[in-house]
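A closer look at the structure
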Amino acid sequence: MTDTLTTSSTAAADPTAEPGAIVLGPNQYGKAEVRVVKVTRDTDRHEIEDLNVTSQLRGDFAGAHLDGDNSHVVATDTQKNTVFAFARDGVGSPEAFLLRLADHFIGSFDWVTGGRWLAESYAWERIVAHGQPHDHSFVRKGQEIRTAAVIADGDTRHVIAGLKDLTVLKTTQSGFVGYPKDRYTTLQETTDRILATSVATRWRYQPGAEVDFNAVYDSVKAILLETFTERYSAALQTTLFEMGQAVLEAHPEIAEIRFSMPNKHHFVVDLEPFGLDNPNEVFYASDRSYGLIEATVTREGLAEVPEAWASTGAFC
């Protein structure tokens, strides 16, 4: 477990400083990767919630940097303990949990004006024993990792949900043709190839939207998977846009959605040296190098909100 100290894009340098003077720039600090597991055992049938939480505060911390004055430094250990204490009352959705943390720190310390709260959520499902889901035994689900972020500045809250490591593949209905070719081009055109990728995506909710975060998460994941199966894919870019478009059409409470999707290449193996044909059935799965496709799907006329994305590492 490590502490972090990184820069943000929201703080301003000292306006009274002489030109060329060395000054403190944007800053934030907190406790990273607080692993908290909450078991609800109010009945014999237990529930489990498993999060990895990062808390980072922004505000008036110049004294700590410039004078060694820690009077405004809410210890990172205190931030860790707050995560555990808040989990005692239940987690709910990771987005709602992070909003509670943001409201607490900004409301409890006058000099804390904002911050960044991140979470990864790990899903568990009940083990089926003797034909029945067990009351208190679980197995980790492995399809994807759910992510959440809350970026706070004063009374403003930006809520960003997402997922990563959702690996998908289809064995046909994909191709890649018509691209420019020069003396360095060796890739052959194809109208029938394997399309595989590991979806990482984050979507930003409209400010003030009333959202059932868990229900929308389940719906967005289902839409992404369903759309991936549909239509012929002329390129991973095409499929990415169609997935984002389907999410925004179904969920007006989502302002925009961003993707980072590597092209997990599968190359047809040449079996002719062994006297065998290969009718597009045997492939070499290459883990690197790989194409990396990143894009934002948004709504026309929507104002950009760079402060929501600046410190989330959110693709493009």
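Above this text is the structure in question.
Okay, so let's go over this structure.

Parameters and conventions
Residues numbered from 1 in each chain as written. Predicted model: local features only at pLDDT ≥ 70, side-chain atom pairs only at ≥ 80, totals over all residues. Heavy atoms only, no water. Helix = DSSP H or I, 4+ residues; strand = E, 2+ residues; numbered from the N terminus. Contact = heavy atoms within 4.5 Å. Areas by Shrake-Rupley, 256 points an atom, 1.4 Å probe, with all protein chains shown as cover. Salt bridge = Lys/Arg side-chain N within 4 Å of Asp/Glu carboxyl O. Buried < 20%, exposed > 50% of the residue type's maximum accessible area, 1.4 Å probe, protein only. Axes fitted to C-alpha atoms, helices over the stretch in contact; angles between N-to-C directions. Parallel < 35°, antiparallel > 145°, perpendicular 65-115°, else oblique. Left-handed = near helix turned anticlockwise from the far one by under 90°. Nonpolar A, V, L, I, M, F, W, Y, C, P; charged D, E, K, R; others polar. Pairing = 2+ DSSP bridges. Expected span 1.5 Å × (residues − 1). Arc of directions from axis to C-beta. 1 Å grid on protein atoms, 1.4 Å probe; cavity = no way out; pocket = protein on both sides within 12 Å on 5 of 7 lines; lining within 4 Å. Points joined across faces, edges and corners; volume = space filled by probe spheres on them. Core = buried A, V, L, I, M, F, W, Y, C linked by side-chain atoms within 4.5 Å. Patch = residues over 30% accessible without salt bridge, like charges linked within 9 Å, V, L, I, M, F, W, Y side chains within 5 Å. Phe/Tyr/Trp six-rings, centres within 6.5 Å; stacked < 30°, edge-to-face > 60°. Lys NZ or Arg CZ within 6 Å of the ring centre and 35° of its normal.

Section: the overall build of the protein
On a plain count of helices and strands, the protein comes out with six helices and 13 strands. Projected onto its principal axes, the C-alpha coordinates of the protein cover approximately 75 × 65 × 40 Å. Taking contacts inside the protein between residues at least 6 apart in sequence as the whole, the part at least 24 apart equals 66%. Per element, the accessible surface of the protein, about 17400 Å² overall, is 51% carbon and sulfur.

Quick word on the pattern of salt bridges
With the rule as written, the count across this model stands at 13 salt bridges. Where Lys-181 meets Glu-189, a salt bridge forms, and the shortest distance between an N and an O atom there is 2.7 Å. Ionic pairing is found between Arg-258 and Glu-256, a salt bridge with its closest N-O pair at 3.6 Å. Accessibility assignment for this pair places Arg-258 and Glu-256 in one class, buried. Among the charged side chains, a network of salt bridges with common partners joins Arg-204, Glu-256 and Arg-258.

Considerations on the packing of helix H4 (residues 213-229) against helix H5 (residues 236-250)
Relative orientation of the contacting elements H4 and H5 amounts to 140°, with a least axis distance of 9 Å. Classified by the angle their axes make, H4 and H5 are oblique. Note that H4 runs across H5; the crossing there is right-handed. Contact with H4, carried on its side by Val-220, Ile-223, Leu-224, Thr-227 and Phe-228, involves Thr-239, Glu-242, Met-243, Ala-246, Val-247 and Ala-250 of H5 and no other residues of that element. The residue makeup of the contact of H4 with H5, split by class, is eight nonpolar, two polar and one charged.

What to know about the pairing of strand S5 (residues 124-129)
Bridging between S5 and strand S6 (residues 132-140) involves five bridges; their strand directions are antiparallel. Looking across to S6, one finds that Ala-129 is bridged to Gln-132. Where S5 folds back on S6, the antiparallel hairpin that results is connected by two residues, among which His-130 adopts a positive phi of roughly 55°.

With respect to unusual backbone geometry
A cis amide bond, omega -10°, links Arg-288 with the succeeding residue Ser-289. Tracing the backbone through its elements, the reader meets Ser-289 in the loop between strand S12 (283-285) and strand S13 (291-297). Notably, Asn-280 is not glycine yet its phi reads approximately 65°, a positive angle. As for its position among the elements, Asn-280 is in the loop between strand S11 (266-268) and S12. Asn-280 sits in the partly exposed class, given a relative accessible area of 29%.

Considerations on H4
Between its terminal C-alpha atoms H4 stretches 25 Å, which fits the 24 Å expected from 17 residues at 1.5 Å a residue. Residues Phe-213, Val-216, Tyr-217, Val-220, Lys-221, Ile-223, Leu-224, Thr-227 and Phe-228 constitute the buried set of H4. Down the axis, H4 shows its buried residues gathered within 160° of arc, on one side only. Exposed and oriented more than 90 degrees from the buried face of H4 are Asp-218, Glu-226 and Thr-229.

Topic: the layout of surface pockets
Taken as a whole, the largest pocket spans an internal volume of roughly 560 Å³. Top contributing element to the lining of the largest pocket by residue count: strand S3 (residues 47-59), with five residues. Of the residues in the lining of the largest pocket, the class split is nine nonpolar, five polar and eight charged. Within this model, the second largest pocket holds a volume of roughly 430 Å³. Lining the second largest pocket are 21 residues, with Leu-187, Thr-190, Arg-193, His-265 and Phe-267 positioned closest to its centre.

Considerations on the nonpolar core
Judged by nonpolar contacts, the single largest core of 54 residues is most densely connected at Val-53, Phe-97, Leu-101, Trp-117, Tyr-205 and Phe-259. The contact partners of Phe-97, leaving out residues within four places of it in the chain, are Leu-51, Val-53, Val-83, Phe-86, Ala-87, Gly-90 and Val-91. In terms of nonpolar packing, the next biggest core, distinct from the first, is built from five residues, Ala-149, Ile-160, Ala-308 and Trp-309 among them.

Brief notes about a nonpolar patch on the surface
Taken together, the side chains of Leu-187, Phe-267 and Tyr-284 make up a nonpolar region of the molecular surface, amounting to roughly 310 Å² of accessible area. Tracing the sequence through the fold places Tyr-284 in strand S12. The class of Tyr-284 is partly exposed, set by a relative accessible area of 49%.

A closer look at the packing of aromatic side chains
Considering all chains together, one arrives at six aromatic pairs under this definition. Each ring, one from Phe-105 and one from Trp-117, has its centre 6.4 Å from the other, and the planes form 15°; the classification is stacked. Here Phe-105 is found in helix H3 (residues 94-108), whereas its partner Trp-117 is found in strand S4 (residues 112-121), with twelve residues between them in sequence. With centroids separated by 4.6 Å and ring planes inclined at 15°, the aromatic side chains of Phe-176 and Tyr-179 adopt a geometry described as stacked. A residue is classified by how much of its surface remains accessible, and Phe-176, at 27% relative accessible area, is partly exposed. Positioned above the aromatic ring of Trp-124, the side-chain terminus of Arg-140 is 5.9 Å from the ring centre. Lys-181 extends its terminal NZ or CZ atom over the ring of Tyr-179, reaching a point 4.2 Å from the ring centre.

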